[in-house]
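Coordinates in review
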Amino acid sequence: MKRLISAKLSSLILMVLNILLLGLHLLILLGIVPYAFVWGGQIHGSSLILFEAAAILITALFLFLVALKAGYIGHGRFRRTTTIGIWVMFAYLLLNTAGNLASQASIETLIFTPVTVIMALLVLRLALER
């Protein structure tokens, strides 16, 4: 896998995808994008605000971990913690992929499943980097 894509390119793609994902969650909170695109289309009202806030925090944490692993911030600090966090991120994305496949919202299944699979593979590439 290390020969297919560099860790630097993986981290750059992951950072762009996470920034876009942050934007999507903000647009959902603002009501610009319908909530049917996420959470299987079944969460709304105050629960939606809580779930979207959690999604924003998790996405921001992932963005931070990728930036640490790539050396954009921290410059080699917290290596062990960052590596553990990247592996947790990989496991989370695998579970998220399963959730997207089981979703009743076809848009979520068609759009977010491939994106999540790609992100999981890119995170795996970062996790394998020393």
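What comes next concerns the included structure.

Conventions and cut-offs
Residues numbered from 1 in each chain as written. Predicted model: local features only at pLDDT ≥ 70, side-chain atom pairs only at ≥ 80, totals over all residues. Heavy atoms only, no water. Axes fitted to C-alpha atoms, helices over the stretch in contact; angles between N-to-C directions. Helix = DSSP H or I, 4+ residues; strand = E, 2+ residues; numbered from the N terminus. Parallel < 35°, antiparallel > 145°, perpendicular 65-115°, else oblique. Left-handed = near helix turned anticlockwise from the far one by under 90°. Contact = heavy atoms within 4.5 Å. Buried < 20%, exposed > 50% of the residue type's maximum accessible area, 1.4 Å probe, protein only. Phe/Tyr/Trp six-rings, centres within 6.5 Å; stacked < 30°, edge-to-face > 60°. Core = buried A, V, L, I, M, F, W, Y, C linked by side-chain atoms within 4.5 Å. Lys, Arg positive; Asp, Glu negative; His and termini not counted. Salt bridge = Lys/Arg side-chain N within 4 Å of Asp/Glu carboxyl O. Expected span 1.5 Å × (residues − 1).

Attention now moves to the packing of helix α1 (residues 7-29) against helix α4 (residues 106-128). Relative to each other, α1 and α4 sit at 140°, their axes nearing to 9 Å. Relative to α4, the element α1 lies oblique. Relative to α4, the crossing made by α1 is left-handed. Counting all contacts with α1, which are made through A7, S10, S11, I13, L14, L17, N18 and L24, the residues of α4 involved are F112, M119, L122, V123, R125 and L126.

For the rest of this paragraph, the subject is the environment of L128. With respect to the secondary-structure elements, L128 resides in helix α4. On the accessibility criterion, L128 (35% relative accessible area) is partly exposed. As for L128 and T83, which are separated by 45 residues in sequence, their C-alpha atoms are 9.0 Å apart.

Evaluation of the coordinates by the stated rule reveals two aromatic pairs. Judged by centre distance (5.3 Å) and plane angle (75°), the ring pair of F62 and Y92 falls under edge-to-face. Highlighted residues: F62 in helix α2 (residues 46-70) and Y92 in helix α3 (residues 79-102), separated in sequence by 30 residues.

For the rest of this paragraph, the subject is the environment of I13. Topologically, I13 is positioned in helix α1. Considered as a pair, I13 and G40 are 27 residues apart in the sequence and their alpha carbons are 26 Å apart. Discounting residues that sit within four places of it in the chain, I13 has contacts with I5 and L122.

Once that is clear, we can look at the nonpolar core. Counting residues in hydrophobic clusters, the biggest one holds 22 residues, and the most contacted among them are L14, V66, I86, M89, L93, V123 and L126. Every element with two or more residues in this core is listed here: α1, α2, α3 and α4. With seven residues, α4 is the largest single contributor of residues to this core. For M89, the contacting residues outside a window of four places in its chain are N18, F62, V66 and V123. If you look at the next biggest cluster of nonpolar residues, it comprises seven residues, including L24, V38, I43 and F112.

Turning our attention to the side chain of E52. With respect to the secondary-structure elements, E52 resides in helix α2. The buried charged residue E52 lacks any salt bridge partner; its closest oppositely charged side chain belongs to K69, at an N-O distance of 28 Å. Apart from the residues within four sequence positions on either side, E52 is in contact with H25, I28, L29, V38 and W39.

Right, let's talk about α1 for a bit. Here α1 is 23 residues long and its end C-alpha atoms lie 33 Å apart, about the 33 Å a rise of 1.5 Å per residue gives. Within the span of α1, buried status applies to A7, S10, S11, L14, M15, N18, L22, L24, H25 and I28. Looking at the buried residues of α1, the elements they touch are α2, α3 and α4. With its phi angle positive at about 85°, G31 sits one or two positions after the end of α1.

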